[in-house]
Every structure is written in C-alpha cells, then in structure tokens.
Amino acid sequence: MANKIIDLRSDTVTLPTPAMRQAIAEAELGDDVWREDPTVNRLEAVAAGKLGKEAALLTASGTMSNLVALLTHCQRGAEVLLGDEAHIFHYEVAGAAALGGLGLRTISNDSRGRLHPKDVEEAIRLPDIHHPRTGLVCLENTHNRCGGAVLSEADTEAVAQVARRWGIPVHLDGARIFNAAVALGVPVANLACQADSVAFSLCKGLACPVGSLLCGSSEFIGRARKYRKMVGGGMRQAGIIAAAGLVALDTMVDRLQEDHDNAKLLAEGLAGLPPLRLDPASVQSNMVNLEVEGIPAIEFQGRLGQAGVLATYMGGQRLRLVTHYGIERADIEEAAQRIRAVASVSG
Ligand SMILES: *Cc1c(COP(=O)(O)O)cnc(C)c1O
C-alpha cells in the first residue's frame, strides 16, 4: 500500500472486469452499420428497456451521444439552453456550434446542478423575426462540475414542464444517470421519463472500456442513427464494445453505492482540514470537490501527486476526487491519510 498510486482523477480510469474481458472475447458479431450485430442489438434493447424508452443507439462516447442528440433535435441556427456548468458547454469542444451551427445559451446552474424553471422560461425565445428559435433544453444528472450533484425527479420535472409548455424538447446528459438512480434509490427510468432523449456512459463508473448509449423514441433514434453515421460513428463489429456494456448493466450498477459510500468517507476524513474547504453534506454521489485556500490549487495537486494521490484540477482553486471500481475502502483510508499529511505541511 505504501507506494501504491491511488488514482482519484476520474471514474474514466476504470479497467474492464474479468467478466467483461471474457464477454468481449466470446461476443457474437456482425456489421452494425447494417444492423447485423446481434450483441449491439441486444445492448440497445436492454438499455432502452432500463431507461424506459422505445429505442437506443450505441455511440463511441458521451460526447458523440450528446452531439448526435443535439443535431437530431435541432435545425441549424437554433439555440440550445443549458447550464453554465454543463459538460456540453465546457468539455465538448463546442461541437454543437462548430458542426451543427447551433447557439449555446447558458443559464446559471445552482450549486446542486439545477436550473431554475423561471430562468429557463425567461430564456425561451418568443416568435420574433429577430430571434433564433429555441430548439432544446439540456439537463445533466449527475452534474459533473457541480460535484456529482444529483437531480431529483422533481428537479427534472419542473424544468421539463416549462419546456413542454413551449413545445421544446428536453435532452438529459445522464453520463452518470445510474449514479443518480442509485443515490436516490429510484429506478433509472424515473429520472429519464421527463426527457425526450437521454445519453448515458458505459465507460465511467460502469467500467467499460468504450461506449455510450443515446435513448429516446423509435422515431428519434431512427433519425439519430443517420447523424451518428454523419459524424463517423457508424461502427462495424461493435459487439465487442456492446458485450462489455451488457455485463456492465447486469453487474456494475448496484455496486455504485460502494463508490458513493467511499466518497462520503473520504469527504468526512478531510472535513475541517486547512488549507482545504469542503462540505461532506454536499457529497451526493462518487465525487468530492475541494476548495484549496492560501496556496495555488495546482501546487497542492502537485504535492498530492508526489504523495501518490492523483486529483483533477477543475479551474480556480478547485480540485476534484472521484471514487470508482478498483478503489476500495482501504485505498480511501490511505488516501485520506496521505492528503492529511500533505495538508499539514501546506496550511
Ligand atoms: C464524461 C461526460 C460526458 C462525455 O463523455 P465522453 O465519453 O468522455 O465523451 C458527457 N457528460 C458528462 C456529464 C460527463 O461527465
């Protein structure tokens, strides 16, 4: 344990389980562009069923699922409403603007990743010759830049109701929607039902090597399939990806609770420890956001790295720690001890 590197940068560093590797090796395959890969077809059916949607589409990444969703929902020149901390806004290379001709208009996210329904309503464009058309409202659950915050069914419904009243569709970036479902103890379909489309990731806490699913109505997914092809996401024997996805949906969802318990444990072990500031009560899923006071956060991150604890720099004075498959309770206890040691010489 003494020299082990404890990598808490992200749940994307997770490696596939032995059962996934075996399923990948044995997967029944075909050409998925021709819809002839039985393993992809099975994963898409299972994913749609779990999310309570009619259909689903396997894509290469969460970014691709979100881009394809935005292209499918919106005409060029439309405006997309989303939170100012949204992943789509910060981390997806403005693909919607560059490739889709879409405007991204931000509304402030509160600290728990929510959009205020009144702010959404005020941002919706009226039918005026001067204005772009509001084409889509996007939500995110769990909310990455808001520290893994969980949107409740009521939070989602409040915004969706406003959008529906104006005839505007809702896309849910649910890269970690299974974390949200586990945190709330509700079926994932309850968190998806207010959205017209939902994207979720296989390659984060679910520990697959690759993949994301976009879910929605059959009509919507039929059109999305063509946009996926347009952006180069039509894959051939993609059953080697889907095989791991099927194992993940079967075996990796319930264990997310362990990651949440570990994040809580870590936050409690670091509370009230200068130069760090964090509120353990704000930890709702598998992320712990830290504010560093007095020394540059980048420098503190470097010192943690030297002590064998890897964190992500989130801008400003913020660092992020993420728990995931492969990180055990003993690793968390060790990480907390190392962080406390670094803090005691940095305060
Ligand atoms: C990771 C993530 C994505 C994008 O997923 P990639 O597979 O990395 O492209 C989208 N949204 C959120 C909230 C994410 O955390």
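Here goes a summary of the coordinates provided.

What counts, and at which threshold
Residues numbered from 1 in each chain as written. Predicted model: local features only at pLDDT ≥ 70, side-chain atom pairs only at ≥ 80, totals over all residues. Heavy atoms only, no water. Near = heavy atom within 4 Å. Polar contact = N/O pair within 3.5 Å; in protein donor to acceptor, adjacent residues only side chain to side chain. Areas by Shrake-Rupley, 256 points an atom, 1.4 Å probe, with all protein chains shown as cover. Nonpolar A, V, L, I, M, F, W, Y, C, P; charged D, E, K, R; others polar. Helix = DSSP H or I, 4+ residues; strand = E, 2+ residues; numbered from the N terminus. Buried < 20%, exposed > 50% of the residue type's maximum accessible area, 1.4 Å probe, protein only. 1 Å grid on protein atoms, 1.4 Å probe; cavity = no way out; pocket = protein on both sides within 12 Å on 5 of 7 lines; lining within 4 Å. Points joined across faces, edges and corners; volume = space filled by probe spheres on them.

## A look at the site of the ligand
Within the structure, the ligand sits among 13 residues, and Gly 62, Thr 63, Asp 173, Arg 176 and Lys 204 are positioned closest to it. Within the side chain of Thr 63, one N or O atom sits 2.6 Å away from an oxygen atom of the ligand. One of the side-chain nitrogen or oxygen atoms of Arg 176 is found 2.8 Å away from an oxygen atom of the ligand. In isolation the ligand exposes 380 Å². Once the protein is present, 87% of that is buried. Here the residues of the shell around the ligand are counted per class, giving 2 nonpolar, 6 polar and 5 charged.

## Points about unusual backbone geometry
Residue Thr 142 is bonded to the preceding Asn 141 through a cis peptide linkage, with omega at -5°. Its place among the elements puts Thr 142 in the loop between β5 (134-140) and α7 (153-165). Of note, the bond from Pro 274 into Pro 275 is cis; its omega dihedral lies within 30 degrees of zero at 10°. Summarising the element assignment, Pro 275 is placed in the loop between α12 (256-270) and β9 (276-277). Here the phi dihedral of Ala 94 falls at roughly 50°; this positive angle occurs in a residue that is not glycine. With respect to the helices, strands and loops of the structure, Ala 94 is situated in the loop between α4 (87-90) and α5 (95-100). Under the relative-accessibility criterion, Ala 94 is labelled partly exposed at 36%.

## Considerations on empty space enclosed by the protein
Going through the model one piece at a time under the given rule, you end up with 2 cavities of 30 Å³ or more. In this structure, the largest cavity encloses a volume near 70 Å³. Contributing to the lining of the largest cavity are Leu 82, Gly 83, Ala 86, Ile 88, Asn 109, Gly 113, Leu 115, Cys 138, Leu 139, Glu 140, His 143 and Asp 173. For the lining of the largest cavity, the leading source of residues is β5, giving 3 residues. Here the lining of the largest cavity is built from residues that sort into 6 nonpolar, 4 polar and 2 charged. The volume enclosed by the second largest cavity comes to roughly 50 Å³.

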